[in-house]
Amino acid sequence: MNSGLFHFSLSRRAMLRQCSLGFGGLALAGLLAEKFYGALAHDAKPPGPHFAPKAKRVIFCYMSGGVSHVDSFDPKPELAKRHGQPMPVPVRPTMFNNNGNIMGSPWEFKNRGQSGMPISELFPCVAEHADSLAVIRSMTSTVNEHAQGNYLAHTGFPFMGHPSAGAWVNYGLGTENQDLPGFIVLQSGGAGVPHGGVGVYSNGYLPGQHQASVLKADGEEALANIKPRESDQLQRQRLSFVAGLDDKFLREASEPQVEAAIRNYETAYRMQTAVPDLCDIRGESEATKKLYGLDSPEVNKAAYGRQCLVARRLIERGVRFVELSCLPQKPGAGQAANPWDQHGKIKEGHGDMSRQVDQGIGALITDLKARGLFEDTLILWAGEFGRTPFSQGSDGRDHNPTGFSVWLAGGGVRGGTIHGTTDELGYYAIDQPATFYDLYATVLHLLGIDHEKLTYRFGGRDFRLSDVHGQVIRAVLA
Amino acid sequence: MKALPPIFCAVLTAWSVCAAAAPAPIAPEALEFFENKIRPVLAAECYECHNARKTKGGLRLDYRAGWQKGGDSGDVIVPGDPQKSLVIDSIKHTDSDLKMPDKAPKLDDTVIADFEKWIAMGAPDPRDEPPSEQASKPTWADLLATRRTWWSLQPVKKPAVPEVQNPASAAQPVDRFLLAKMEAKGLAPAAPADPRRFIRRLTFALTGLPPTIEEVNAFVAEASSNQPSAVRNASDRLLASPRFGEHWARHWMDLMRYAETHGSEGDPEIREAWRYRDYLIRALNADVPADQLIREHLAGDLLPKPRINPDGFNESILGTAQFRLVEHGFQPIDTLDDQVKAVDNQIDVVTKAFQGFTVSCARCHDHKFDAISQRDWTAMYGIFASTRPAQVTIDTPEVLGKNRPELERLHAQIKAGLADAWQSAAQTIGQRLQQAPANATPALEAAARIRELEQKIADLEWNARSAIQPANKMDRPASTAPAPFAVWSFDQDASDSLGRMRGYLEGEAEIRNGRLRLDGQGAYLRTDPIPVPLPARTQEAWVSPANLTQRGGGVMTVETTKQHGFDSIVFAEKEPKRWVAGSNYFVRSQISEGPLETAAPGEFVHLAVSYGTDGTIAIYRNGVPYGVPYAKGEPLAFGSGDARVLLGWRHKGAGNGYFAGEIEEARLYDRALTAEEIAASYRAGPGAAISSQQVLAALTPAQREERSRLTGQIEKLRATGHPTTNDGEAWARALKNADGDVTSPLHLWAKLGRVKDSDFPAAWQKLAASLRAKLADTRQFNRENFRPAWDLAGDDYAKWFPYGIGLSKAPRRAGEFAVETAGDRVLDGLAPGGAFTASLSTKHGGLLTSPRFKIESESISVRAAGGGGAMVRVIVDNYPLPSNPIFAKATLNNDETGWVRLDTAYRKGAMAYLEFGNRDDLTRPLEDKSKDKGKAPKLPDGRSFFSASAIVFHDTKEPPREEPLALLPLLGGTLSRALPSTANVQGRAGAQPSEPQSATQLAELYQRVIAEAVNAWRDDQLTEPQRALLDDLVRAGVLPVTLPELETVRPLVAEYRKLEAEVAVALRAPGVLETVAYDAPFLPRGDHLKPMATVPRGYLEVIDPRPYQTALSGRMELADAIASSQNPLTARVTVNRIWHWLFGRGIVPTVDNFGRLGEKPTHPELLDFLAARFVEQGWSIKDMIRFLVTTRAFQMSSAPAPRAAEVDPTNELLSHFRVRRLEAESIRDALLAVSGELLLPMGGKSEINAPRRSVYLKVQRTNLQPFLQVFDAPKPFTTLGRRDATNVPAQSLTLLNSPFVIEQANRWAKTLIASGGDSPETRIRRMFAQALARPPGDDELGAATEYLTALAQDRAVPAGRLLSSEPVWQDFAQSLFNLKEFIYLR
């Protein structure tokens, strides 16, 4: 075979083994030293960070469908008092227009940690870390349906076409790992894409390398087309042959794009081993697996826990932004796209959903702390809106975009903080109302980015993740 | 900030103060210079931040003393010394910390030069006094004055072609322009490209496909003798290829954010959006001038002379589909917000695509940089917001009006015949009433019993029929005809008449008149599994295609159920109008030489395909061979129960494999028939496989006895004298029902018909009084609770907007009716006055919309009827997709007129209009899968109808009560106005009757009143009570309404039905409707909840400042403004796009932005030269492409010319050709083309996945095609004139591991192996030629041979078998797909 093509003469696994530095150190001799994912001519150098970051990466626990804030992080004793009474204020139009009376929370709130932060029984494991959380109780959204809500919560705009936060972060900071995408959405079990489709993870008008890769944490084929359909031997033979011809083509064409495309094959070749390896959790200790609930007889809990564990493995390997996806539960819960969406039977549905995610998220925080990663990893927990303080039908809650809770934890976040308030019924944010623009301004700030300076020109306009809005929520900063 | 020495600052400041105190007089020329060159720029660029209110940096620039005082960082203007003036540094962007204007592009070099000159002049400035806060804010007029001087807004002036030093190397004007710039930099153009590379470049650029080996060779041969002529010929050939339109339509689709769904939750379909894609392909292939195309995109529905397609539809309307390709939110609560976003997107796309201007940026504020105000945005918003989304009909009036005069004539004759028959019937009504049984129950029971017995006989015979042995089943005229294995004759049902396999109708398939009717849109018949393996087979069918333009529909298929394999008689799959023996991936298919099909609609042709065990396949049409028999591929094999028959569908999963037409009979044989047998079968013709005599003969004695027993019982029942005729039964039923129904006109008789004369007057008085009171109460209730909105039977109809051939210009008179298209009944009932779409055909479309109004009531009720999925909807803020309960709408699924309430409480305060529409005229019908299933079934041929007569507003939860008006003619009296539908009802024409004194007189009264009503109907003078009366009697069937009762009408109806069957099913497409327009309010900061004063509709002030005067939306005026040679942008933007698509980079690289945030043209004179030429040549896109590809520039090598890399590293001067990656679609298409899989039928519904050109793949917003997305296909949300070409590992992973790519490698290998070849080397050469359009170099050949040898070793393939080893060649094929050269163009 063509002996000049040394880099395909090693097997995928051998290559990994030889590079003792791990993924980050896989830069091959003869290749440009640029960071591969950011190596396109038009943004060779990431525009950020603008100042010293507190966090280097983000794990986004997206609660698709909308978690009821009044049942989780925003206790409203008034609801119990007025349970069954009509709303004292006019009810805004709702999605299903099947509005009942005030409904008290079926869950009890307890004060947690030294800070005494009240968190309901829905999230006992997360509650263990109350002193590390900064809960924003005054979140608002401008849209009241899932697809637009998902787009807004991911991109800052309620329609498709704009880059997702993960893409912005990667664009802003570049990647730390040449062999893995910088923005990964994890799925497992029956987890699906939120309403609106994969467009919510889109790179929008940012260069394509910033788009999310959807990774099945427990799948047969973790990433689309990652699995070679032939033996390594055959593939290497082919790649060597191809490399020889490509080399000639490159010399004739002398075009940097072609060179990048050639290097791209090399990366792809390595990813075929790197990606399955990172999903391969056999090397994790039993204690770790147990911590994340992988031994749980509840299939969805184990599956979500696996996402949490793989998320940790991803950030260890320098992935910049990881988003986790909830799985649908059978009874009472929403569909794959919006599993928290309990328009009926909220007690059953939210109960199921919280059992699914609580242990994994709690374990993730515990594990990150134990490994010293918590200090520079930002965890963001949010859905697209909250749920109404009054019932839908007899036992559900409709969408509530006018006031709901999200939380941040980790690098640069002041733990034990409660920011903003909703009214006594939890209907409207009344004090320090916050928007997704504010939230992302804050996230970017923690990553060392000035949200007003992180812009991208498209179609004659400089776009931002925070559109033309956004103020850093200083109260949650450490 | 640049630091100035403090002393220097102090000196300057002192000087400034001094100067401020005593301004020197300004010379007139200096004053003029300041006023013309400096003041406008200061106002437009600087005042906003440096004024009384916002003294950014402590600096004011809005009057002289302001800048004389200086800013926080000292002095900014040093009169007389531009070099020391900070302002010059800042506007030149020499200091990275201080770039002015802030967050804006650098000022034009000429402007900077003006400032330098001005400062050098001593900075003369007449602005003595500080302006007021208001005045120092730059006005829009100030800004516009400056901004309108921007280069792209200047008129296009055709420049002279420049002189060059070396004219020999640049004969073409384009090359002169390019060369002039190159020469200025001491560059020369690169050498010409290798001819093979050039033809690959040209073929991909024009058609998006690789050239074939033959095309390459032909070109190379021709080019060797005459390169220019070879290039011209190749360009002409490719421009004439249908593939050209497919490729360039995709470019255009990028501009129009083409998608077939609206996105968001549920991702609802944009119905028939693919027709717009096909329109583009046709238009580009036909070289429709670009100005015409643009005009059609804006106002194609309004053109006085639209383009008419030879197939009989209006092409121009299809352009307006682009307005409908917007995203919509999912069932938005705030619909106005959704509308603002959608219209903003329309503005964005139109202005970017055609003007290279970003008007959408001015939604919330005046544009930051360009000559676009927020008022401009609002003026355009008014145009588009006034335009209603709709499904529009694109057929010409001629097509839609097929048989219309004849149908109208027949309709009138049928009406006259009915009136005659009813008049006669009326004469005997008194008698009929008198004879009516007192108790109808026994008669009705007898009738029911008879039906039961008849059913039993039918069951008995069916069992016997199924039991008939196949051996003696045939009863056909020619005894030589072969015996089939199974026969579908459709005499009874969908099952095989020989009883082997039951059949099931799917989709809208139906059996009528002994034929299977297939709509080509999902209708088909499938059978139970074929019980035995059929290694040899014959498939046979008598079939009539509904049209000959359809493609790829399967008539009769045998399909395996376990794996993907099928054999099918397919119409026009590979070639138009030609039959083919279709098979999975064409493995057993071959293009036949049979004649093109010419069968007229309704004409049946006989087709048979025999499949031998040896793989021989023979096709026959009308008994004669259709091309020659051939053997290809392995015969389709399946075991018992592993296959089934499909009629009307090519195979499961074939998106557009449905056949439209009728099948008279289909047969399956268990062997390959001979040519003689097939000819005999053709001659024998289709026929019932089993005769009734055979069935009788097949009955067992016991069955025969049972049958005669049942027959006897029926005869006995008939003999009892019960009125068991249809007519008698109808009377009995009507009177029985009337007894308990106080609204029925027969109620009086049911209650009083048996009353003794002596008791009658009192009984009459009592009943009449009670009924009158009831009527009065009902009317009072209606009057009190409902506010009349529109009376569509009256003048209000003129305020509404009827659309579609089914709707008349004026309201229809009461008593309109539809002739039933099948069955015994001639008509169903009589419609009230108003709108009615079905008076001639339920195929006729109709969409009726109201004026725009504000919803102020909790409910709206409409008096309407409808069927076939017709709906009434309250369209709020033009949101076209309501499906949730929070949108008021209702399916009209009642033949009989009644009130339907729409709950509008949720939408109070919103602007809305009402819409009545037939199913296919709706932007989103409620699908059958909804809970309405069964209630509103989709009918074949898109049949649907509605009638509408009145609309009321109310706040109650119940709709108006039905007024028992049908009684009124009998009770007498006149009623005052109540609701619109029943306005001023009069009891009876003529004088008041006296009250009946006996049952006999009552019968006479009936007779007289009905006769009067029939006369009034005949004369079109029917009052609403009379209509109600007749309608009741017609529906009850007590007036003659069935064919057996109507001798004279019968032939008319037969003729009517025949002609009606020929009425075209309208083609619909996404489009827009004009109704009445309104000006939109100005939205401060874009907030739609805070509307301010309205802005007249119009276009950008900088282009055309006149407000539009039209009562319509203004799209026509807009089209005139944009598709104009006077518009400075349109031609420039369009030629620049063509340049970009050919050369990979525009003369203005930011192809969608010719504003200040865009890049400036690298060759402005060339751009103008091309724009001017484009207009001169009639906006011909093909001419421009031909002009450009025949330049030397397009034919240059991609190898950089000497010095190019240092002088012009980004190749702005185009001294060599730009290497670029193929677009996503071309990569996919090239894979398919090279593998031999690519199918080239054009147009039609989109496919989810098919080996067709990628342009035909469905674009679903929330589920975009992964393969195409990986290679940067656009996300359809706005105009994208310049695609990215990213490098991401997902691309490599796709080409390495995706099943699609591997499959193509496999198919290519198979084809190569099948075609033989004498050595690996010839095959390698062939593969290089196919994939790369060039032969391999010696080194490459060596490497390839080495690689193949290694592969053969790995796979243990002996050398002798190498040429036939599929795995080896598949690996090698994929290696060529993996070459960068495969996906790059140079």
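Above this text is the structure in question.
**Student:** I'd like to hear about the overall build of chain A, residue by residue, with values.
**Tutor:** Counting secondary structure elements, chain A contains eleven helices and 18 strands. Long-range contacts, defined as pairs at least 24 residues apart, comprise 77% of the intrachain contacts of chain A with a sequence gap of at least 6. For chain A, the exposed area adds up to about 16,100 Å²; of that, 51% sits on carbon and sulfur atoms.

**Student:** Just give me the short version of helix 10 (residues 213–225) of chain B, but keep the residues and values in it.
**Tutor:** Residues and elements named next belong to chain B. With 13 residues, helix 10 extends 19 Å from end C-alpha to end C-alpha; this agrees with the ideal 18 Å at 1.5 Å per step. Among the residues of helix 10, those classed as buried are Ile213, Val216, Phe219 and Ala223. One side of helix 10 holds all its buried residues, which, seen down the axis, span an arc of 135°. Among the exposed residues of helix 10, those pointing more than 90 degrees away from its buried face are Glu214 and Ser225. Buried residues belonging to helix 10 abut helix 9 (195–207), helix 11 (227–240) and helix 42 (1320–1332).

**Student:** Hey, could you go over the side chain of Ser489(B) for me, with residue numbers and the actual values?
**Tutor:** All names here are of chain B. Structurally, Ser489 can be placed in the loop between strand 4 (486–488) and strand 5 (503–506). Classification of Ser489 as buried rests on a relative accessible area of 6%. Residues contacting Ser489, with those up to four places away along its chain left out, are Ser497, Gly514, Glu664 and Glu665.

**Student:** I'd like a rundown of the environment of Leu302(B), residues and numbers included.
**Tutor:** All names here are of chain B. Along the chain, the position of Leu302 falls in the loop between helix 14 (290–299) and strand 1 (308–309). Judged by relative accessible area, which is 25%, Leu302 ranks as partly exposed. In this structure the C-alpha to C-alpha distance between Leu302 and Ile951, which are 649 residues apart in sequence, comes to 30 Å.

**Student:** I'd like a rundown of the packing of helix 4 (residues 146–155) of chain A against helix 11 (residues 436–446) of chain A, residues and numbers included.
**Tutor:** When two helices pack together, their arrangement is given by the angle between the helix axes and the distance between those axes. All names here are of chain A. Relative orientation of the contacting elements helix 4 and helix 11 amounts to 30°, with a least axis distance of 8 Å. By the angle between their directions, the pair helix 4 and helix 11 is classed as roughly parallel. From helix 4, Leu152, Ala153 and His154 reach across to helix 11, where they touch Phe436, Tyr437 and Tyr440. Of the residues that constitute the contact of helix 4 with helix 11, the class distribution is five nonpolar, one polar and no charged.

**Student:** Help me get a handle on the sheet that holds strand 10 (residues 553–560) of chain B, residues and values and all.
**Tutor:** Residue and element names in this part refer to chain B. Strand order in the open sheet made by the six strands is 5-8-17-10-11-12, with antiparallel pairing throughout. Strand pairing shows two members of the sheet lacking a second neighbour, strand 5 and strand 12 (579–583), which therefore form its edges. Along the sheet, successive strands turn relative to each other by an average axial angle of 15°, direction set aside. Here strand 10 runs beside strand 17 (residues 643–647); their pairing, made up of five bridges, is antiparallel. Its bridge partner lying in strand 17, Thr560 is registered against Ala643.

**Student:** Tell me about the sheet that holds strand 14 (residues 417–419) of chain A, residues and numbers included.
**Tutor:** Residue and element names in this part refer to chain A. Spatially, eight strands are ordered 7-6-8-1-9-13-5-14 in an open sheet, and the strand pairing comes out mixed. Two strands bound the open sheet, and with one partner strand each, they are strand 7 (213–216) and strand 14. The average undirected angle you get between the axes of adjacent strands in this sheet is 20°. The sheet contact formed by strand 6 (residues 183–187) and strand 8 (residues 321–325) spans four bridges and is parallel. Bridge assignment links Val185 to a residue of strand 8, and that residue is Glu323.

**Student:** Please provide a residue-by-residue account of the interface of chain A and chain B, values included.
**Tutor:** The interface is formed by 71 residues belonging to chain A together with 69 residues belonging to chain B. Buried area between chain A and chain B, both sides added, is near 6,000 Å², and the carbon and sulfur share of it is 61%. Put simply, chain A and chain B have five salt bridges between them. Between Glu1340(B) and Lys248(A) there is a salt bridge; the shortest N-O distance is 3.5 Å. Only helix 4, helix 6 (232–253), helix 7 (256–279) and strand 17 (455–458) of chain A provide two or more residues apiece to the side of chain A that touches chain B. The element best represented in the side of chain A that touches chain B is helix 6 of chain A, accounting for 14 residues. Tallied by class, residues from the side of chain A that touches chain B come to 34 nonpolar, 26 polar and eleven charged.

About the thresholds
- Residues numbered from 1 in each chain as written.
- Chains lettered and ligands numbered in written order.
- Predicted model: local features only at pLDDT ≥ 70, side-chain atom pairs only at ≥ 80, totals over all residues.
- Heavy atoms only, no water.
- Helix = DSSP H or I, 4+ residues; strand = E, 2+ residues; numbered from the N terminus.
- Contact = heavy atoms within 4.5 Å.
- Areas by Shrake-Rupley, 256 points an atom, 1.4 Å probe, with all protein chains shown as cover.
- Expected span 1.5 Å × (residues − 1).
- Buried < 20%, exposed > 50% of the residue type's maximum accessible area, 1.4 Å probe, protein only.
- Arc of directions from axis to C-beta.
- Axes fitted to C-alpha atoms, helices over the stretch in contact; angles between N-to-C directions.
- Parallel < 35°, antiparallel > 145°, perpendicular 65-115°, else oblique.
- Nonpolar A, V, L, I, M, F, W, Y, C, P; charged D, E, K, R; others polar.
- Pairing = 2+ DSSP bridges.
- Buried area = accessible area lost by both parts, 1.4 Å probe.
- Salt bridge = Lys/Arg side-chain N within 4 Å of Asp/Glu carboxyl O.

The values reported here are purely geometric and, on their own, carry no functional implication.
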